[in-house]
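# What the coordinates show
These are the residues of each chain, in order.
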Amino acid sequence: MLSLGIVGLPNVGKSTLFNALTAASADAANYPFCTVEPNVGIVEVPDPRLARLDALAKPKRTVPAVVQFMDIAGLVQGASQGEGLGNKFLANIREVDAIVHVVRCFDDPDVTHVMGAVDPVRDREVIELELALSDLAAVEKRLEKTARGAKSGDKDAQAEEAALLVARDVLNAGRALWEEHLPDTTLTLLRPLNLLTTKDVLYAANVTEAELTGGEGRHLTALREAVTRSGEHAEVVPFSAKIESELAELPPGERVHFLESLGIAEAGLERLIHAGYHLLGLRTYFTVGEQEVRAWTIHAGDTAPVAAGAIHTDFERGFIRAETVSYDDFVRAGSMKACRDQGLVRSEGRDYVVQDGDIMLFRFNV
């Protein structure tokens, strides 16, 4: 399951976005710190292929892939020193796969900005610094424990200590760890800490309806340029919290017509999820049977045994082979039986790299 943690300054549209995406009940008031406890919501990954497979296989149930969104209280400059609510809530999103940084990219005198004027480039830097300082606290805490083992001659502890010292120096300078392009060996040693500034970022740019459906505004342009200049592995996804709120109140059957009336192809939810899959290099494969049709999320380049492990570790451990057919072949044939009759089902072994849309049946023995 893809997990995304939502961060940002107060009053930038974080909780409005979260409520719209998950139909949750988090407050969305026009004042700072209205979100005190982290809110967690689960949403389905939109994939039209799943509906087509459901129509063909007519299973007892159909299970889509899902994304977990976690929303925490808005951060302010100085959170690491206890300003606002402090950064204690950042611990709640250390386990996520990527960070959704909601950035306000519109002017509105009726919606206050905690730092005065609207400036998405400054806001990005403020949040990034707070994430770095939160990571610094985690690294220093870990160093206290690791140093004892390193002094005693423990080789693993010494290697970890060296990696932590490198990270501490970077973070102490107020820089994110991604900026340093650390070697994989160092990142592997740091991975158990789930440091926030090593994670990929989706910048959810909250714009006006006019900017979403027409020309790009200066604030969004400035944010895009800042991200590009930095070289950060990130994507900028424009959305309108106002439109998403209105969309969430409509019955599902009316949402497509509402979007079409605005000239918008996809809702903010779909664009965020698709951007997240692209940013993290995720792929989807399917299992199809009489009991269940289901979508599974894996990484690009995963082999058949690894994909089997997404279902259960026993499937990976005892993997024998994967009976595989492409989505397009399955749809043309209409059923797995027809695919077998037409010779479309392939028997793939341990080295097979799973392709997006593959339909798979795993054979295993434990």
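The paragraphs below set out a description of the structure included in this document. Bear in mind that the values here come from a model prediction, so they are computed numbers and not experimental data. (Residues numbered from 1 in each chain as written. Predicted model: local features only at pLDDT ≥ 70, side-chain atom pairs only at ≥ 80, totals over all residues. Heavy atoms only, no water.)

### With respect to the side chain of N206
Structurally, N206 can be placed in strand β6 (residues 200–206). Engagement of the side chain of N206 in a polar contact is seen with the backbone oxygen of V12, the distance being 3.0 Å. (Helix = DSSP H or I, 4+ residues; strand = E, 2+ residues; numbered from the N terminus. Polar contact = N/O pair within 3.5 Å; in protein donor to acceptor, adjacent residues only side chain to side chain.)

### Concerning the packing of aromatic side chains
Counted according to the given criterion, the structure contains five aromatic pairs. When the ring of Y285 is compared with that of F362, the centres are 5.9 Å apart and the planes differ by 85 degrees; the resulting orientation is edge-to-face. Here Y285, found in strand β8 (residues 282–288), pairs with F362, found in strand β12 (residues 359–364); they are 77 residues apart in sequence, far enough to count as distant. Its relative accessible area of 0% is what places Y285 among the buried residues. (Phe/Tyr/Trp six-rings, centres within 6.5 Å; stacked < 30°, edge-to-face > 60°. Buried < 20%, exposed > 50% of the residue type's maximum accessible area, 1.4 Å probe, protein only.)

### A look at the nonpolar core
Considering soluble globular proteins, one finds that nonpolar side chains tend to be buried as a cluster. With 69 residues, the main nonpolar core has F69 and L272 as its most contacted residues. No other element matches helix α10 (residues 268–280), which puts seven residues into this core. Counting 14 residues, the second largest nonpolar core, distinct from the first, contains A132, L164, V170 and L171. (Core = buried A, V, L, I, M, F, W, Y, C linked by side-chain atoms within 4.5 Å.)

### Regarding the pairing of β6
Judged by how many residues are buried, β6 sits mostly within the fold: seven of seven residues are covered. Residues D200, L202, A204 and N206 point to one face of β6 and V201, Y203 and A205 to the other, with burial holding for every one of them. In the sheet, strand β5 (residues 98–104) pairs with β6 via seven bridges, with the strands oriented parallel. Among the inter-strand pairings, I99 is bridged to a residue of β6, identified as V201. Across six bridges, β6 lies against strand β7 (residues 234–239) in parallel orientation. If you follow N206 over to β7, its bridge partner there is F239. (Pairing = 2+ DSSP bridges.)

### Section: empty space enclosed by the protein
Per the counting criterion, the structure on display carries two cavities of 30 Å³ or more. Here the largest cavity defines a volume of roughly 100 Å³. Forming the boundary of the largest cavity are 15 residues, of which E128, L131, V201, Y203 and E232 lie nearest the centre. Those elements that place two or more of their residues in the lining of the largest cavity are β5, α3 (120–151) and β6. (1 Å grid on protein atoms, 1.4 Å probe; cavity = no way out; pocket = protein on both sides within 12 Å on 5 of 7 lines; lining within 4 Å. Points joined across faces, edges and corners; volume = space filled by probe spheres on them.)

### Remarks on a nonpolar patch on the surface
On the surface, M1, V40 and I42 cluster together to form a nonpolar patch covering roughly 300 Å² of accessible area. Relative to the helices and strands, V40 is located in strand β2 (residues 39–44). A relative accessible area of 45% means that V40 is categorised as partly exposed. (Patch = residues over 30% accessible without salt bridge, like charges linked within 9 Å, V, L, I, M, F, W, Y side chains within 5 Å. Areas by Shrake-Rupley, 256 points an atom, 1.4 Å probe, with all protein chains shown as cover. Salt bridge = Lys/Arg side-chain N within 4 Å of Asp/Glu carboxyl O.)

### Observations regarding unusual backbone geometry
The backbone phi angle of K58 is positive, close to 50 degrees, even though this residue is not glycine. Note that K58 resides in the loop between α2 (48–57) and β3 (61–63). Given the relative accessible area of 64%, K58 is considered exposed.

### Topic: the pattern of salt bridges
In the structure shown here, the tally under the stated rule is 20 salt bridges. A salt bridge links E323 to R363, with the nearest nitrogen and oxygen atoms 3.0 Å apart. Of this pair, E323 sits in strand β10 (residues 319–325) while R363 sits in strand β12; the two residues are 40 residues apart in sequence, bridging distant segments of the chain. With a shortest N-O distance of 2.7 Å, R346 and E348 are connected by a salt bridge.

### Considering α2
Here α2 has its buried residues at R49, L50 and L53. Here the buried residues of α2 occupy an arc of 100 degrees about the axis, which is enough to place them on one side. Exposed side chains of α2 directed beyond 90 degrees from the buried face belong to P48 and A51. If you follow the buried residues of α2, they end up packed against β3, β8, β9 (292–299), α13 (327–333) and β12. The positive-phi residue at the C-terminal boundary of α2 is K58, with phi of around 50 degrees. (Arc of directions from axis to C-beta. Contact = heavy atoms within 4.5 Å.)

### Quick word on the packing of α3 against helix α4 (residues 155–172)
To characterise two packed helices, one gives the angle between the axes of the helices and the distance between these axes. One can describe the packing of α3 onto α4 by two numbers: an axis separation of 9 Å at closest approach and a directional angle of 150 degrees. By the criterion of interaxial angle, the relationship of α3 to α4 is roughly antiparallel. For the pair α3 and α4, the sense of crossing is left-handed. Together, A132, D135, L136, V139, E140, R142, L143, T146, A147, G149 and A150 of α3 and A157, Q158, E160, E161, L164, L165, A167, R168, L171 and N172 of α4 make up the contact between the two elements. Taken together, the residues of the contact of α3 with α4 break down into eleven nonpolar, four polar and six charged. (Axes fitted to C-alpha atoms, helices over the stretch in contact; angles between N-to-C directions. Parallel < 35°, antiparallel > 145°, perpendicular 65-115°, else oblique. Left-handed = near helix turned anticlockwise from the far one by under 90°. Nonpolar A, V, L, I, M, F, W, Y, C, P; charged D, E, K, R; others polar.)

### A look at α3
In this model α3 runs 45 Å from its N-terminal to its C-terminal C-alpha over 32 residues, within 8% of the 46 Å that 1.5 Å per residue would give. The largest bend in α3 comes to about 30 degrees, at K145. The opening residue of α3 is D119, an N-cap whose side-chain oxygen sits 3.2 Å from the backbone nitrogen of V121. G153 lies just past α3 and shows a positive phi near 100 degrees. (Expected span 1.5 Å × (residues − 1). Bend = angle between axes of the 7 residues up to and from the residue.)

### Describing the packing of α3 against helix α7 (residues 218–230)
The geometry of α3 relative to α7 is characterised by a closest axis approach of 8 Å and an angle of 45 degrees between their N-to-C directions. Of the possible angle classes, the one that applies to α3 and α7 is oblique. Contacts between α3 and α7 involve P120, V121 and R124 on the former and, on the latter, H219, A222, L223, A226, V227 and S230. When the residues that make up the contact of α3 with α7 are grouped by side-chain class, the tally is six nonpolar, two polar and one charged.

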